[in-house]
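# What the coordinates show
The primary structure of each chain is shown beneath.
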Amino acid sequence: MADTFQLEIVTPEKKVVETAAEEVQIPGKNGYLGILPGHAPLITELSVGEITFRENSTEQKLAVAWGFAEILPNKVTILAETAERPSEIDVDRARKAKERAEQRLTNGDTSVDVNRALDALHRAQVRLDVASGK
Amino acid sequence: MANILDIRRRIRSVINTRQITKAMKMVSAAKLRRAQERALSARPYAQMLTNVLKSLVARAEIYDPETGEPKHPLLAQREEKTILLIIVTGDKGLAGAFNANILKAGARFLESKAGKNIDIEAIGRKGRDFLRRRYPAAPIQTRSLAEAEELEEVEQAARERAAALQLTGEHVGILGKVEFAQASAMAESVIRRYCREEIDSVYVVFNEFKSVIAQRLIVEQILPIEQIGEQAVRLAEEMTEEEKKKAKEAAVSAGAGLRATDGAEGSVSQFGTSQVDYIYEQPPAELFRALLPKYVSIQIFRALLESVAAEHAARMTAMDSATNNATDMIDSLTLVMNRARQAKITKEIIEIVSGAAAM
């Protein structure tokens with residue numbers, strides 16, 4: 001049994017990651033999934049969250065928003081709408097987006113699309129978490 | 001006989017113009033290269049998405065087994081009463097017949113659908129300016145498709161039409177840097193209108209770009225989705241041989257590659273196609289519902305990217321022939337100038353000789 005698998009993370013703009021990883025954690029729609037080499041074939045939708053993968057015993061994180069993943073015993077392919085490394089995240093923008101979303105949720109206006117605001121809040125929070133290396 | 005000084009002045013001005021067109025050609029070539037790269041890097045995602053959808057089609061029972069009706073609204077075929085036509089042109093001119101050809105193809109499509117209500121959405125300044133002069137604006141413009149129309153009144157007004165053909169929205173200045181978020185906001189708005197049955201089909205007119213010498217002008221049907229992974233091309237116009245030759249020459253002289261943008265890598269095209277029984281974390285039908293809107297987004301995204309690449313290629317070709325024309329003009333002007341100079345010298349000699357003879 002090989003102790004690594006091939007990991008590819010792709011967004012509409014580019015291929016973000018292409019490497020041999022030992023482990024990856026992905027934010028599935030129904031909760032986080034930890035994948036090790038030799039996993040059973042699986043297809044899942046992703047929600048907003050962070051992907052953590054281990055490559056040569058070092059951990060790396062990415063913030064992703066919506067996507068889906070195909071898992072094969074020797075290969076994991078993740079399609080994400082956005083996938084950003086901590087260094088690529090615009091912290092100021094994420095912070096502002098968070099404030100905006102919080103404001104929308106707390107000002108009691110009924111015309112606000114609550115789900116959309118919650119989504120935005122979630123996305124901003126994940127970005128901030130990943131950027132700060134938590 | 002023209003004044004030698006005047007001719008010399010004209011030559012200098014043509015040389016200046018040639019310098020500008022040459023610079024523009026090189027700039028377009030560089031931009032084209034970047035646009036091509038972007039189109040190329042969008043490829044894997046689109047390919048994978050298509051593959052997953054295809055494999056889901058087989059498993060998700062998207063058609064009702066009894067009636068044969070599709071279960072997903074984006075697959076539903078309705079009688080075409082109102083059509084949405086998205087016309088993708090460039091923001092800038094000086095690109096030869098690029099914008100004019102797209103608008104001509106759009107007009108031909110409109111003719112073929114005469115008698116129906118057509119909403120037109122313009123992307124790119126050139127197209128907008130042209131269409132705005134010809135067709136009335138809808139009572140309520142979406143202006144930016146990203147804005148959610150939340151007010152009831154807006155929706156009411158959207159149902160009143162200014163005319164059979166009307167302009168419902170415009171997007172100017174997004175082509176400089178095409179982002180997926182924009183394409184997906186557009187797709188969302190289109191899907192919303194489609195699901196509310198405000199529109200019964202959606203077409204995009206754009207210049208498809210595979211490589212500098214493989215381009216065509218097409219009208220592609222985006223909704224309803226007929227066959228996943230297959231382009232539903234309604235009208236296509238290939239490049240003529242002469243255009244191809246010109247484009248090739250321009251690309252070679254500007255150092256832009258002729259490489260095609262659609263070479264999907266082998267590993268990528270395998271995504272989701274393995275002959276194994278996948279565990280689906282979500283029910284296939286649910287997954288399918290979540291993916292289908294993304295399919296529409298990626299198609300619009302691709303149209304934008306390819307159109308941008310095609311625009312730069314068209315500008316490069318146009319500027320290349322402008323440079324060539326300037327060179328020809330300089331040559332012929334130089335000839336005229338030399339002739340004039342010689343005539344002047346000859347005249348002077350005759351004057352001297354006849355003056356001497358008279359003495």
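Coordinates for the structure precede this section.
Quick caveat, the model's predicted, so the values are computed rather than measured.

## With respect to the overall build of chain A
- Helix and strand content of chain A: 2 helices and 8 strands.
- Helices and strands appear in chain A in the N-to-C order β-β-β-β-β-β-β-β-α-α.
- The principal-axis extents of the C-alpha atoms in chain A amount to approximately 55 × 25 × 25 Å.
- Within chain A, the fraction of its 134 residues that count as buried is 46%.
- Pairs at least 24 residues apart make up 51% of the contacts formed inside chain A by residues separated by at least 6 positions.
- Summing over all exposed atoms, chain A offers an accessible surface of approximately 6,700 Å²; the carbon and sulfur share of this is 46%.
- For chain A, the distance from the average position of its 17 positive side-chain charges to the average position of its 22 negative side-chain charges is 5 Å.

## A few points about the interface of chain B and chain A
- Listed by partner, the interface residues are 34 residues for chain B and 29 residues for chain A.
- Each partner contributes to the roughly 2,600 Å² buried at the junction of chain B and chain A, and carbon and sulfur atoms together form 60% of this total.
- Taken together, the links from chain B to chain A amount to 1 salt bridge.
- One can count 3 residue pairs in polar contact (both at pLDDT 80 or more) joining chain B with chain A.
- Residue assignment for the side of chain B that touches chain A shows that the elements contributing at least two residues are helix H1 (4-60), helix H5 (180-195), helix H7 (266-269), strand E7 (279-280) and helix H8 (284-358) of chain B.
- For the side of chain B that touches chain A, the element with the highest residue contribution is H1 of chain B, accounting for 8 residues.

## Here we look at the environment of Ile-228 of chain B
Residue and element names in this part refer to chain B.
- Along the polypeptide, Ile-228 turns up in the loop between strand E5 (214-223) and strand E6 (233-238).
- Note: C-alpha distance between Ile-228 and Leu-292 (64 residues apart in sequence) is 9.4 Å.
- Each residue touching Ile-228, except ones within four places of it in the same chain, is listed here: Thr-50, Leu-53, Lys-54, Val-57, Phe-288, Leu-292 and Tyr-295.

## Describing unusual backbone geometry
- Across the junction of Leu-223 of chain B and Pro-224 of chain B, the peptide omega takes the value -10°, indicating a cis bond.
- Here Pro-224 of chain B lies in the loop between E5 and E6.

## Considering empty space enclosed by the protein
Residue and element names in this part refer to chain B.
- With the rule as written, the count across this model stands at 5 cavities of 30 Å³ or more.
- The space that makes up the largest cavity amounts to roughly 90 Å³.
- Lining the largest cavity we find 10 residues, and of these Ala-39, Ala-42, Arg-43, Arg-302 and Glu-306 sit closest to its centre.
- Of all elements in the fold, only H1 and H8 reach the threshold of two or more residues within the lining of the largest cavity.
- When residues of the lining of the largest cavity are assigned to their parent elements, the largest contribution, 5 residues, is made by H8.
- Here the residues of the lining of the largest cavity sort into 6 nonpolar, 1 polar and 3 charged.
- Considered as a void within the structure, the second largest cavity measures approximately 60 Å³ in volume.
- What lines the second largest cavity is simply Gln-221, Ile-222, Pro-224, Ile-225, Glu-226, Gln-227, Glu-230, Ala-232, Tyr-295 and Gln-299.

## Some points on the nonpolar core
- Of all hydrophobic cores here, the largest spans 91 residues; its most connected members are Leu-223, Val-296 and Leu-304 of chain B.
- Here the element with the most residues in this core is H8 of chain B; it accounts for 19 residues.
- Setting aside its immediate chain neighbours within four residues, Leu-304 of chain B contacts Val-88, Ile-123, Ile-174, Leu-175, Val-178, Ala-183 and Met-186 of chain B.
- Within the second largest apolar cluster, 22 residues are counted, among which are Ile-26, Leu-33, Leu-42 and Ile-51 of chain A.

## Some remarks on the sheet that holds E6 of chain B
All names here are of chain B.
- A sheet is described by the order of its strands in space; here 6 strands give the open sequence E3-E2-E1-E4-E5-E6, paired in mixed fashion. Two strands close off the open sheet at either side, each with one partner strand: strand E3 (165-171) and E6. Across the sheet, the axes of successive neighbouring strands diverge by a mean angle of 20°, strand direction being ignored.
- Sheet topology places strand E1 (residues 82-88) next to strand E2 (residues 117-123); 7 bridges connect them, and they run parallel. Across the sheet, Thr-82 pairs through a bridge with Asn-117, a residue of E2.

## Things to note about the packing of H5 of chain B against H8 of chain B
All names here are of chain B.
- Two elements in contact, H5 and H8, have axes whose closest approach is 8 Å; the angle formed by their N-to-C orientations is 125°. Considering their axes alone, H5 and H8 lie oblique with respect to each other. Taken as a pair, H5 and H8 cross one another with a handedness that is right-handed. On H8, the residues that touch Phe-180, Ala-183, Ser-184, Met-186, Ala-187 and Ile-191 of H5 are Pro-293, Val-296, Ser-297, Ile-298, Ile-300, Phe-301 and Leu-304.
- Among the residues making up the contact of H5 with H8, the classes are represented as 11 nonpolar, 2 polar and no charged.

## Comments concerning a positive patch on the surface
Residues and elements named next belong to chain A.
- Taken together, the side chains of Arg-93, Lys-96, Arg-100, Arg-104, Arg-116 and Arg-123 present a region of like positive charge at the surface.
- If you list the elements that add at least two residues to the positive patch, you get helix H1 (91-106) and helix H2 (114-131).
- Looking at the positive patch element by element, the count peaks at 4 residues for H1.
- With respect to the secondary-structure elements, Arg-116 resides in helix H2.

## Digging into the pairing of strand E2 (residues 15-21) of chain A
All names here are of chain A.
- Strand direction decides the pairing type here: strand E1 (residues 5-10) and E2, joined by 6 bridges, are antiparallel. Its bridge partner being in E2, Leu-7 is matched across the sheet by Thr-19.
- Once E1 ends, the chain turns through 4 residues before running back antiparallel as E2.

## Examining the packing of aromatic side chains
Residue and element names in this part refer to chain B.
- Taken as a whole, this structure holds 3 aromatic pairs over all chains when the rule is applied.
- Between Tyr-45 and Phe-180, the aromatic rings sit 6.0 Å apart at their centres with planes inclined by 65°, giving edge-to-face as the arrangement. With a gap of 135 residues between them, Tyr-45 in helix H1 and Phe-180 in helix H5 connect regions that are remote in the sequence.
- We classify Tyr-45 as buried; its relative accessible area is 0%.
- Here the aromatic rings of Phe-109 and Tyr-203 are separated by 4.8 Å at their centres, their planes lie at 55°, and the arrangement is tilted.

Cut-offs used in this document
- Residues numbered from 1 in each chain as written.
- Chains lettered and ligands numbered in written order.
- Predicted model: local features only at pLDDT ≥ 70, side-chain atom pairs only at ≥ 80, totals over all residues.
- Heavy atoms only, no water.
- Helix = DSSP H or I, 4+ residues; strand = E, 2+ residues; numbered from the N terminus.
- Buried < 20%, exposed > 50% of the residue type's maximum accessible area, 1.4 Å probe, protein only.
- Contact = heavy atoms within 4.5 Å.
- Areas by Shrake-Rupley, 256 points an atom, 1.4 Å probe, with all protein chains shown as cover.
- Lys, Arg positive; Asp, Glu negative; His and termini not counted.
- Charge placed at Lys NZ, Arg CZ, Asp CG, Glu CD.
- Buried area = accessible area lost by both parts, 1.4 Å probe.
- Salt bridge = Lys/Arg side-chain N within 4 Å of Asp/Glu carboxyl O.
- Polar contact = N/O pair within 3.5 Å; in protein donor to acceptor, adjacent residues only side chain to side chain.
- 1 Å grid on protein atoms, 1.4 Å probe; cavity = no way out; pocket = protein on both sides within 12 Å on 5 of 7 lines; lining within 4 Å.
- Points joined across faces, edges and corners; volume = space filled by probe spheres on them.
- Nonpolar A, V, L, I, M, F, W, Y, C, P; charged D, E, K, R; others polar.
- Core = buried A, V, L, I, M, F, W, Y, C linked by side-chain atoms within 4.5 Å.
- Pairing = 2+ DSSP bridges.
- Axes fitted to C-alpha atoms, helices over the stretch in contact; angles between N-to-C directions.
- Parallel < 35°, antiparallel > 145°, perpendicular 65-115°, else oblique.
- Left-handed = near helix turned anticlockwise from the far one by under 90°.
- Patch = residues over 30% accessible without salt bridge, like charges linked within 9 Å, V, L, I, M, F, W, Y side chains within 5 Å.
- Phe/Tyr/Trp six-rings, centres within 6.5 Å; stacked < 30°, edge-to-face > 60°.

Limitation: the analysis is restricted to geometry and does not speak to function.
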